Amino acid sequence: MVLLFDVGNTHTTIALTRNGKDFEKYRISTSKYETEDELYAFLKSFFKDYVENLPIVVSSVVPSVNTVFEYFSQKYGNGEVHFVKAHDYDKIIWNVHYPKEIGADRVCDVIAAKKDYGDNCIVIDYGTAITIEVLRDGVYEGGAILPGFAMIVNALFKGTAKLPLVELRPSPTFIGKDTESNIQIGAINATVGAVKYVVENIIKEFSTDPKIIHTGGQAIFVKDIVAGIIDKDLTLRGMYYFYEEKKNTTR
Ligand SMILES: Nc1ncnc2c1ncn2[C@@H]1O[C@H](COP(=O)(O)OP(=O)(O)O)[C@@H](O)[C@H]1O
Ligand SMILES: CC(C)(COP(=O)(O)O)[C@@H](O)C(=O)NCCC(=O)O
Ligand SMILES: [K+]
């Protein structure tokens, strides 16, 4: 058994798995824990199974909480904590200027895409920010970062006197008849359009058609709009594969 912590800027997904395929998972706000005891209290309220004395894997894009996992591992784990980093995974060539700066969530998405979908993939992860990963002939070539849907809605809310926060869902029409639909078109429909535009231009750089995989908490918004498949557990599987590789290379 291994405990996975996928720490994003909005949510932390906590998952227990023994095989990297089946996950018992729970989602908490990343802002809701600051100590290992608070984190442990969440786990004890969620998991019926024994979660003590386990190795933990952390994919974190929020450096300020990383020490919580060090303490957690010492006090409640088996002392083994693996932080996902591109430069600690040499089964993929990270063909970018600074591999160390690639977000851990992006690293996990790429590791899982390569293992589960092959050497030519484009992965889009819809969260606080929207990330796009390019895996071409088995090499990670980089990608793009866009503001997440909620970030755009929040920016319009904070940057204006009258615009409200609206429900995060695409508008069924492209001519808004009220403020809410006007904002949804601009923040969600238009952002999906931006993703489609970037992906179309990335595909031109491939000699073979890449697989398109959508993941992240808000991937559901592109269902039936953007080609490709939705794979909710991609990041978690990437974390597990990272852990497996770390265990194999340290034997
Ligand atoms: N069970 C859920 N409860 C609340 N929000 C959810 C849930 N599932 C998906 N979401 C959506 O996922 C978003 C967070 O996506 P996520 O990929 O976890 O972001 P990040 O990794 O940047 O923290 C939330 O803002 C919400 O819109
Ligand atoms: C782009 C991100 C903020 C996305 O994180 P998330 O939306 O999951 O909170 C994260 O991948 C990150 O902090 N990346 C570091 C910069 C880079 O990947 O180039
Ligand atoms: K993410």
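Bear in mind the structure is a predicted one, so any value in this text is a computation, not a measurement. (Residues numbered from 1 in each chain as written. Chains lettered and ligands numbered in written order. Predicted model: local features only at pLDDT ≥ 70, side-chain atom pairs only at ≥ 80, totals over all residues. Heavy atoms only, no water.)

1. Thoughts on the pattern of salt bridges
Next up, step 1: Tallying each qualifying case throughout the model produces 13 salt bridges.
Next up, step 2: Between Glu180 and Arg169 there is a salt bridge, with its nearest N and O atoms 3.9 Å apart. Remark: Arg169 occurs in the loop between α4 (149-159) and α5 (179-203) and Glu180 occurs in helix α5; sequence separation between them is 11 residues.
Next up, step 3: Measuring nitrogen to oxygen at the nearest pair gives 3.9 Å for the salt bridge that ties Asp224 to Lys223.
Next up, step 4: According to the relative accessible area criterion, Asp224 is exposed, its value standing at 72%.
Next up, step 5: Judged by relative accessible area, which is 46%, Lys223 ranks as partly exposed. (Salt bridge = Lys/Arg side-chain N within 4 Å of Asp/Glu carboxyl O. Helix = DSSP H or I, 4+ residues; strand = E, 2+ residues; numbered from the N terminus. Buried < 20%, exposed > 50% of the residue type's maximum accessible area, 1.4 Å probe, protein only.)

2. Quick look at the UniProt feature "binding site: K(+)" (unreviewed entry) in the protein
Next up, step 1: Residues given the UniProt feature "binding site: K(+)" (unreviewed entry) here are Asp125.
Next up, step 2: Considering the arrangement of structural elements, one finds Asp125 in strand β7 (residues 121-126).
Next up, step 3: Aside from chain neighbours lying at most four places away, what touches Asp125 is Asp109, Ile130, Thr131, Thr215, Gly216 and Thr235. (UniProt positions renumbered as here; feature names shortened; annotations may be inferred. Contact = heavy atoms within 4.5 Å.)

3. What about the UniProt feature "active site" (unreviewed entry) in the protein?
Next up, step 1: The UniProt feature table records "active site" (unreviewed entry) at Asp105.
Next up, step 2: Along the chain, the position of Asp105 falls in helix α3 (residues 104-117).
Next up, step 3: For Asp105, a relative accessible area of 18% corresponds to the buried category.
Next up, step 4: With residues up to four places along the chain from it excluded, the contact list for Asp105 reads Ser59, Val61 and Thr235.

4. Here's the deal with the packing of aromatic side chains
Between two aromatic rings, the relevant description is the distance of the centres plus the angle of the planes.
Next up, step 1: Applying the stated criterion across every chain yields a total of 14 aromatic pairs.
Next up, step 2: Aromatic side chains Tyr89 and Phe242 sit 6.3 Å apart centroid to centroid with 25° between the ring planes, which places their arrangement in the stacked category. With Tyr89 in the loop between β5 (81-83) and β6 (93-94) and Phe242 in helix α6 (residues 234-250), the pair connects residues that are 153 residues apart, well separated along the chain.
Next up, step 3: A centroid spacing of 6.0 Å and a plane angle of 5° characterise the contact between Tyr126 and Phe149, whose relative ring orientation is stacked. Pair noted here: Tyr126 is in strand β7 and Phe149 is in helix α4, with a separation of 23 residues, a long-range link. (Phe/Tyr/Trp six-rings, centres within 6.5 Å; stacked < 30°, edge-to-face > 60°.)

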